[in-house]
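Here is what each chain is made of, one letter per residue.
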Amino acid sequence: MHDNPMKTLNTNLRVSISPSQQFNFHRIMAAISGKIAQNVFVSHRYQQQFGSHGRTRDSYCSFAPYFSLPSPLRKLTSTTASSMQFRTLLKPPYYRFIHCNASASATAVPYLDKIDFLKLQNGSDIRGVAVDGVEGEAVNLPEPVAEAIGAAFAAWLVEKKKADASQHLRVSIGHDSRISAKLLQNAISRGLAGAGLEVVQYGLASTPAMFNSTLTKDEAFLCPADGSIMITASHLPFNRNGFKFFTNAGGLGKADIKDILERAADIYTQFTEESLTNSARKALLSIKKVDYMFVYTSDLVKAVRKAAGNIEKPLEGFHIVVDAGNGAGGFFAAKVLEPLGAITSGSQFLEPDGLFPNHIPNPEDKTAMKAITQAVLDNKADLGIIFDTDVDRSAAVDFTGCEFNRNRLIALMAAIVLEEHPGTTIVTDSVTSDGLTMFIEKKLGGRHHRFKRGYKNVIDEAIRLNSVGEESHLAIETSGHGALKENHWLDDGAYLMVKILNKLASARASGKVGGSKVLTDLIEGLQEPTFAIELRLKINQNHPDLKGGSFREYGEAVLKQLENSVGSDPNLHKAPVNYEGVRVSGYGGWFLLRLSLHDPVLPLNIEAPSNGDAVKLGLAVLAAVKEFAGLDTSALNKFVGVS
């Protein structure tokens, strides 16, 4: 970048970036060259389309000192450019133009949108809208908010580590393939650097790798980190993004996230031109970059080799295809499978693309699972592996096209873990099937402990059970989040697949043949429902029936009414032990009505031997909740055939 990349631009130029990014351009120029630019004030978001495939790319103009402009803009800034030339680059519908302020003061406090920071909390994560592009979804996670969150995490970490002035804490930062990732990485880096912490950027990485960086001891890779941040919003649409935080004790909890957001809100209101310029200058001087994914993938390779008796290529001859969904998991084919000897031809969507043009990177998504299943069958592969965007969730497909996701993935992992730890307790979320319970307890000889939804809830419950003397080695959700005690209770989609690969490798080493049939055989006897459905009953928060109360209070009242209704129906039986919502068996199946962790929704899961039996269960729920006018039961009405 030139010392002053905008010095040749016509001052009548109208450029467009987010209203929340109305930083005075002088702070950036000061950070780069130590001089104050006099004639340009940049405001409002633009989104520009370019690239060989015509896809919208990562090109949101923040002019952060260490973030390069997209190549078409770099070309224009190197010569005299007219506003007409810029307009040819800025394609609708995402841009808005305003006039530059040629007389902007170098000391003016930047204009910052009012942000409700606590609304960014999503359980134990932070999530928000990072870029424009979806109608009705206003940006609430722009760069200045990310910078404040970085500074807040720094303050939280210093307090948590009880660090004094002589200690130089280090934070690692990684991101998935989202189009806003680099901007948020640089913004949160400014917040950390401005607070005096050492910042190490990993670039494209996985969530599990970020946690691992707090455990690795290797100064050549600037490890261990005292804290770690992953920039991701899992499988959510392209305009979203967020943050996950780790220390060597694991992921942060809900209370920690609330604390950080409260600190960030306070920091945000105290931003000044001088403080923002100083943080940019410190970041420019202090940020380091390393390829930590080399360490992480090497450890995965070593784990498989060890399981196979230290054979160099224990997967030689296996044909395994990977579907990364254009997220961060594309590394798995070349950096894990191929060094182990596997053939990976036919792998797909390995190239990072934050617009996710092929399918949602989500092992629960039917289109995604159809894509990896088809890839296995088309390539006559032994196994297919699919990841979500940030690789903390995964699923697999055997050579016949049988999917290992949801209850089947849990059954497979339970079978593997119970071979290693007979009798151990398997902790799952609340929507797992009765057939899975029978499989774990009757077939495998383990114990099934069904708990609340939420991967952190499931993991924390497994940790709690161990603390009170009940051995547990696996905590896993139907969503594909799975954590093992041997892996520091980290929900790591890649490590789950390594456990499956270990089974293949060890079977091969012991002389067994048949490809992935060894995996299919492990879940033989798992009873699966003929019919399964999930319906979402929304609570209208503006309905008079709520009487000004919260949706949570209203939802709890609905559940209480259902519980009372069940008690008077001889065909229905409430589960004797249940930690979330109301779970009831009857008509050969079961249903669970629960309140969503974050949204004004009551999800209803029904599994039954037939559609008719499922309808009977649905009618029982409808009869109990029909008096709640603030509850939208249209989806349930349609299912049971009631108009």
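Here the residue numbering is sequential within each chain, running from 1 through the sequence in written order. For this predicted model, a pLDDT threshold of at least 70 governs which residues receive local features, and a threshold of 80 or more governs which side-chain atom pairs are given and counted, while totals over whole chains, interfaces and linings are taken from all residues. The side-chain quantities take in all heavy atoms of the structure and omit both hydrogens and water.

Here we come to helix α9 (residues 292-307). Secondary structure elements are taken from DSSP: a helix is a run of H or I of four residues or more, a strand is a run of E of two residues or more, and numbering for both begins at the N terminus. Expected helix span is computed as 1.5 Å times (number of residues minus one). Helix length check: α9 (16 residues) gives 24 Å between terminal C-alpha atoms against 22 Å at 1.5 Å per residue, within 8%. Between buried and exposed lies partly exposed: a residue is buried under 20% and exposed over 50% of the maximum accessible area for its type, with that area taken using a 1.4 Å probe on protein chains only. Buried within α9 we find Y292, M293, V295, Y296, T297, L300, V301, V304 and R305. Here a residue-residue contact requires only that any non-hydrogen atoms of the pair lie within 4.5 Å. Those residues of α9 hidden inside the fold are in contact with β6 (198-204), α6 (207-212), α10 (331-337) and α15 (493-509). Just downstream of α9 lies G309, where phi reads positive at about 80°.

A separate point is the packing of aromatic side chains. Side-chain rings of Phe, Tyr and Trp, where Trp is taken by its six-membered ring, are said to pair if the distance between their centres is within 6.5 Å; with planes under 30 degrees apart they count as stacked, over 60 as edge-to-face, and otherwise as tilted. Here the structure, examined in full by the defined rule, presents 14 aromatic pairs. For the ring pair F153 and F245, a centre distance of 4.9 Å and an interplane angle of 40° mean the geometry is tilted. Taken together, the residues F153 in helix α4 (residues 143-160) and F245 in strand β8 (residues 240-247) connect sequence positions 92 residues apart. In this pair, the class of F153 matches that of F245, namely buried. Three or more aromatic residues joined by ring pairs make a cluster, and in this case those are F153, W156, F243 and F245. Over the aromatic face of W590 sits the side chain of R583, whose NZ or CZ is 3.8 Å from the ring centroid. Over a ring means this: the NZ of a Lys or the CZ of an Arg is within 6 Å of the ring centre and within 35 degrees of the ring normal.

Of note, the amide linkage connecting C223 to P224 takes the cis form, showing an omega dihedral of 5°. Structurally, P224 is set in the loop between α6 and β7 (227-231). Positive phi values are uncommon outside glycine, yet N326 reaches one of about 65°. Counting through the fold element by element, N326 comes out in the loop between β11 (320-323) and α10. We classify N326 as buried; its relative accessible area is 5%. Of note in this structure, V391 is not a glycine but carries a positive phi near 70°. Mapping V391 onto the fold places it in the loop between β12 (383-387) and β13 (394-398).

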